[in-house]
Amino acid sequence: MTQEERAILDLLLSIDFEGVAQLREQVSSVLVTGKCDCGCPSIELTVAPDVPRSTVPHRLAPVEGVVAPAADGPPGEVILFVDDGKLSYLEYVHYSDPPPSDWPAIERITVTTFQR
């Protein structure tokens, strides 16, 4: 992972929610194994097979980073997917065309939680 990707992932996981402790443990072994085809910075994640699985009850982690609009980028959200208890995808949901090629500055992201 790049430092920027790691900082955004750490920011999302800085909020407490069910299963976050195991996801935090997974970060030390996470690898980027793919990128989005649209040109945005969203990435596929893979963690070591022997890491503790999270108890996050849904595929979408209950946390999101709300991205404020700025002169250097559109508004949007950063969301985190968890498949089978493991980190799987970090997505920049953007509201622009063409898609941004870079992650938003960390200062533009406000983390919130939500419940289903």
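Refer to the preceding data block for the structure.
Residues numbered from 1 in each chain as written. Predicted model: local features only at pLDDT ≥ 70, side-chain atom pairs only at ≥ 80, totals over all residues. Heavy atoms only, no water.

(A) Representation of the side chain of Glu5. Tracing the backbone shows Glu5 in helix H1 (residues 3–12). Ignoring anything within four residues of it in the chain, the contact list for Glu5 reads Val32, Lys35, Ile43, Leu90 and Trp103. (Helix = DSSP H or I, 4+ residues; strand = E, 2+ residues; numbered from the N terminus. Contact = heavy atoms within 4.5 Å.)

(B) Here's a closer look at the pattern of salt bridges. All told, the structure shown has five salt bridges when counted by the stated rule. As a salt-bridge pair, Arg24 and Asp16 come within 2.9 Å of each other at their nearest N and O atoms. Classification of Arg24 as partly exposed rests on a relative accessible area of 35%. Note that Asp84 is salt-bridged to Arg53, the shortest N-O span being 2.8 Å. (Salt bridge = Lys/Arg side-chain N within 4 Å of Asp/Glu carboxyl O. Buried < 20%, exposed > 50% of the residue type's maximum accessible area, 1.4 Å probe, protein only.)

(C) Main features of the pairing of strand E3 (residues 60–67). Taking burial as the measure, the eight residues of E3 include six buried ones, the bulk of the element. Here five bridges tie E3 to strand E4 (residues 76–83), and the two strands are oriented antiparallel to one another. Within E4, the residue paired with Leu60 across the bridge is Phe81. With five bridges connecting them, E3 and strand E6 (residues 109–113) associate as antiparallel partners. Opposite Val67, over in E6, you have Ile109 as the bridge partner. (Pairing = 2+ DSSP bridges.)

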